[in-house]
Amino acid sequence: MILHFGRQGHEIFATLARFDSEHRLQFVCSVIGLIVFLLSIWSAARRNIEEIKIPKDFWPREWVPNIATMVSGALFVISAFSAATGSTLGFCFLVVYIILLVFMTFRFGISRKSDLGESVVVCDRRIGIVTTLIGFIMFISFWIFGPRPLQYTWIIGPLATWLFGFSVLIPVFSALIRKELLLGVPVVGLLLVYVFVVNISDLNDNHGIRYIPTREPVVLPEVRARFQSWLDVRSEAWKKKGRRDPYPVIFVAAEGGGVRAAAQVTTTMAALARDPEQAEHVFAISGVSGGSVGAAIYSSLVRDRGQDPRHWEGRARTICTTDMLSPLVGSLLGPELLQRFLPVPVPLLRRNGPFENEFAYDRGRALDLSLERAYQSGNTSSASITTLLSNYPHDNSVPELFLNTTSVTTGAPMVISTLSIDRSASRPTPFELLSDVNPYADLELNTAACLSARFPAITPPGFLPCRRLIAIDGGSSTDRASLTVKRRFVDGGYAENTGIETAVDLIDLLRDSGDASNASWRPVLLVIHYESSAQNSDSPARPELPPRRSVGFDEILSPIFGFINGWGGKQLVTRESARIHPNIRSVTIHFTDPNPETPLILGWYLSKEAYDAMNQQAQSQSARLDELFAPSSRTGN
């Protein structure tokens, strides 16, 4: 259903429908995968009916398998044609659908003579065995035989990975159901109880956040000292130009939204950096989810190629349009699913350098490696995107990063930053830093960015071991024992999806330092925001929402709708609060769907056409970017 009705599925079908050289192999694998998938459904249904001894004169015996296969195939054909009218993919799916329909109707197959001399068609079982073996061999090879987990899923693409994965799962679970009916033993029920016990006991949790342990606490520059040194260099150059107004310091707030949000960051920063001097004003980026990924990509490209977008915007396009979805799908349907049935986490066969807390079948790790590979696909070394936070370059061209996650324990933001905060010399901040959780953990930049983008169930929560001192019963008030506990973190959008709150907190922290240099600079907040075509409006006021039609079950549905709409309303209030902030100029860059044929998706698979449309939208809003440097203190966008 996700493939057929979700925007991510539409993007996948539309990309394959173009049948270009880059995706030709994925096209062929998807067609083969559809054949194997539909035959798996039909064969499994036929086997189930035969095993449970349904009378031959009972009409559903013949038609139920056909109907189940026809409906599934029809959905794929409709999806292919709706993504691109008259596409080659749609016609290929339609031909496959018609051939299989004829086969299922007339049952062309291998026959043998029974003991009574009757001709019996035996193709059902053989087709089931063949399709299961094809799906199993194709799918299992993607995550066992490669030097990197799931590397072959990039070759065949997300649709074929999905189809081959289910071609294995359907006959396996179908066989379990048959055994339960034949033996009279609740095989599936017992298996579910076992899985429930293993998972609720937390024995097989393999969703670790990989890190390098250090003997001493990780040392990062203090935020105020770093800001002051950064500002001193720019203030001097500002005054030499004859400017007497305060220096505008830009803080970027990049909201979440998967790879779409990442592309919003790179296209906006490319538009801003058309004038290299403008990009010099960016001190920090506060990212959430995909916005954090985009911030990591941009900062790494600037480190490698400089601030001139002519040197890196083509690579940014390649990185953001590289398939990061296939490894997630392959891991979810293969290794990750297998891990749920195992009592302990599967370790890596080969230790990955000094990293700890890393497991083989973790799809969170698959996303980390996907981002690393995507960065390499831009003809760029992965050294920058995989740099350790302790080695982050604090020079005058690369912005500082504040990557927002959400603590499962407290529900409050936990920020992974390239800077530290001296708690003794500042007012309390409403968020904790990674150093507050585990000061001895050093993360790679891609791991930190992807931790901010862990939105269940697409990507799992990640845990980080941390030491806590607890009081000893019966001991003195100073007696403490060290206890290692798990702290779990999820997508930063759970707490706040705009990145504005962290950016404003950072501004307030720097303004409250009491330094006389406060008069020499003024904060400017650049908000990067997406709205669907139906919601898009330049009006800053709260939009008038249409009354929701009653659908019944209000006692059940109203709390659900209230929770969902309340979360969305909080983002609206946050943006409005930043807009009317008396001491901060706020400028918003809006992105929206360019047309119904090119929706901007929430996921990890973005077409080049969608990226180009977003780049065009960013370039068309150059006038709004110029407002960042206007001398007045506020703007009303």
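Only a predicted model underlies this, so the values are computations on that prediction, with no experimental measurement involved.

K.L.:
Looking at this structure, I do not really get the overall build of the protein. What am I missing?
P.N.:
A count of helices and strands for the protein gives 22 helices and 13 strands. For the protein, the residues scored as buried account for 53% of the 637 residues in total. Once local pairs closer than 6 in sequence are excluded, the contacts in the protein between residues at least 24 apart make up 77%. Entry remark: accessible area of the protein is about 28,700 Å², with carbon and sulfur atoms responsible for 62%.

K.L.:
Teacher, can you tell me more about the packing of aromatic side chains here?
P.N.:
Given two aromatic rings, one states the distance between the centres and the angle between the planes to describe the pair. Overall, the coordinates contain 15 aromatic pairs when judged by the stated rule. Look at Phe81 and Phe91: their rings are 5.3 Å apart centre to centre, the planes differ by 90°, and that puts the pair in the edge-to-face class. Taken as a pair, Phe81 in helix α4 (residues 60-83) and Phe91 in helix α5 (residues 88-106) lie far apart in primary sequence, 10 residues in all. A centroid spacing of 5.3 Å and a plane angle of 35° characterise the contact between Phe455 and Tyr494, whose relative ring orientation is tilted. On the criterion of sequence distance, the pair formed by Phe455 in the loop between α18 (445-451) and β10 (462-471) and Tyr494 in the loop between β11 (480-491) and α19 (500-511) is long-range, its members being 39 residues apart. Owing to a relative accessible area of 42%, Phe455 belongs among the partly exposed residues under this scheme. Taken together, the ring pairs connect Phe227, Trp230, Trp238, Tyr247, Phe251, Phe283 and Trp521 into an aromatic cluster. The side chain of Arg210 reaches across the aromatic face of Phe355, ending 5.0 Å from its centre.

K.L.:
Help me out: how do you make sense of the nonpolar core in this one?
P.N.:
Residues Phe93, Ile250, Ile416, Leu443, Trp604 and Leu628 are the most contacted members of the largest nonpolar core, which totals 104 residues. Residues contacting Leu628, with those up to four places away along its chain left out, are Pro248, Ile250, Leu272, Arg522, Val524, Leu526, Arg585 and Val587. Counting 29 residues, the second largest nonpolar core, distinct from the first, contains Val415, Ile507, Leu509 and Val527.

K.L.:
Please explain the confidence of the model for the protein as it appears in this structure.
P.N.:
Interpretation of the predicted coordinates at a detailed level should be avoided for regions scoring low in pLDDT. Looking at the protein, pLDDT values average 80 and 80% of them are 70 or higher. Note that pLDDT drops below 50 for residues 108-121; the model gives that stretch 21 contacts with residues more than four away or on any other chain. Under a pLDDT of 50 for its full length, residues 536-543 has, in the predicted model, 12 contacts with residues more than four places off or in other chains.

K.L.:
Please clarify how a nonpolar patch on the surface should be interpreted in this entry.
P.N.:
On the surface, a cluster of nonpolar side chains totalling about 320 Å² of accessible area is made up of Phe91, Leu94, Ile98 and Val102. Here Leu94 shows up in helix α5.

K.L.:
Just to check I follow, could you spell out the packing of helix α10 (residues 258-272) against helix α12 (residues 290-305) for this structure?
P.N.:
Think of two packed helices as two axes; the pair is described by the angle between the axes and how far apart they sit. Relative to each other, α10 and α12 sit at 40°, their axes nearing to 7 Å. In this view, α10 runs oblique relative to α12, as classed from their interaxial angle. Considering how the two elements wind past one another, α10 and α12 form a crossing that is right-handed. Contacts between α10 and α12 involve Gly258, Ala261, Ala262, Val265, Thr266 and Met269 from the former and Gly290, Gly291, Val293, Gly294, Ala295, Ile297 and Tyr298 from the latter. Residue composition of the contact of α10 with α12, by class: eight nonpolar, five polar and no charged.

K.L.:
Which parts of the structure should I look at to understand helix α21 (residues 608-620)?
P.N.:
Owing to its 3.6 residues per turn, the α-helix brings residues three or four apart onto one side. In this model, α21 (13 residues) spans 18 Å end to end at C-alpha, consistent with the 18 Å of a helix rising 1.5 Å per residue. By the burial criterion, the buried members of α21 are Ala610, Tyr611, Ala613, Met614, Gln617 and Ala618. The arc that holds the buried residues of α21, viewed along the axis, is 160°, so those residues lie on one side. Seen from the open side of α21, the exposed residues pointing more than 90 degrees away from its buried face are Gln616 and Ser620. Tucked inside the fold, the buried residues of α21 contact α2 (7-17), α10, α13 (313-320), β13 (585-591) and α22 (622-626).

K.L.:
Just to check I follow, could you spell out α12 for this structure?
P.N.:
Its 16 residues place the ends of α12 22 Å apart at the C-alpha level, agreeing with the 22 Å of an ideal helix rising 1.5 Å per residue. Most of α12 is tucked away: 13 of the 16 residues are buried.

K.L.:
Before we go on, may I ask you to explain the side chain of Glu336 in this structure?
P.N.:
On the secondary structure map, Glu336 appears in helix α15 (residues 335-339). Judged by its relative accessible area of 2%, Glu336 is buried. Engagement of the side chain of Glu336 in a polar contact is seen with the side chain of Arg340, the distance being 2.3 Å. Excluding residues within four positions of it along the chain, Glu336 makes contact with Asn206, His207, Ser331, Tyr361, Asp362 and Arg363.

K.L.:
I tried to follow the environment of Ser79 on my own but got confused; where do I start?
P.N.:
Residue placement: Ser79 occurs in helix α4. Residue Ser79 is classed as buried on the basis of its relative accessible area of 6%. In the structure, Ser79 is positioned 66 residues away from Phe13 in sequence and 7.1 Å away in space, judged by C-alpha atoms.

K.L.:
What should I look at first to understand the pairing of strand β6 (residues 400-407) in this one?
P.N.:
For a regular strand, the rule is simple: side chains alternate between the two faces of the sheet. Here β6 lies mainly inside the structure; eight of its eight residues are buried. What you see with β6 is no split at all: Glu400, Phe402, Asn404 and Thr406 on one side and Leu401, Leu403, Thr405 and Ser407 on the other are buried throughout. As paired strands, strand β5 (residues 282-288) and β6 are joined by five bridges and run parallel to one another. Its bridge partner being in β6, Ala284 is matched across the sheet by Glu400. The antiparallel hairpin formed by β6 and strand β7 (residues 413-417) contains five residues in its connecting segment, where Gly411 sits at a positive phi of about 75°.

Scoring rules and cut-offs
- Residues numbered from 1 in each chain as written.
- Predicted model: local features only at pLDDT ≥ 70, side-chain atom pairs only at ≥ 80, totals over all residues.
- Heavy atoms only, no water.
- Helix = DSSP H or I, 4+ residues; strand = E, 2+ residues; numbered from the N terminus.
- Buried < 20%, exposed > 50% of the residue type's maximum accessible area, 1.4 Å probe, protein only.
- Contact = heavy atoms within 4.5 Å.
- Areas by Shrake-Rupley, 256 points an atom, 1.4 Å probe, with all protein chains shown as cover.
- Phe/Tyr/Trp six-rings, centres within 6.5 Å; stacked < 30°, edge-to-face > 60°.
- Lys NZ or Arg CZ within 6 Å of the ring centre and 35° of its normal.
- Core = buried A, V, L, I, M, F, W, Y, C linked by side-chain atoms within 4.5 Å.
- pLDDT = per-residue confidence, 0-100.
- Patch = residues over 30% accessible without salt bridge, like charges linked within 9 Å, V, L, I, M, F, W, Y side chains within 5 Å.
- Salt bridge = Lys/Arg side-chain N within 4 Å of Asp/Glu carboxyl O.
- Axes fitted to C-alpha atoms, helices over the stretch in contact; angles between N-to-C directions.
- Parallel < 35°, antiparallel > 145°, perpendicular 65-115°, else oblique.
- Left-handed = near helix turned anticlockwise from the far one by under 90°.
- Nonpolar A, V, L, I, M, F, W, Y, C, P; charged D, E, K, R; others polar.
- Expected span 1.5 Å × (residues − 1).
- Arc of directions from axis to C-beta.
- Polar contact = N/O pair within 3.5 Å; in protein donor to acceptor, adjacent residues only side chain to side chain.
- Pairing = 2+ DSSP bridges.

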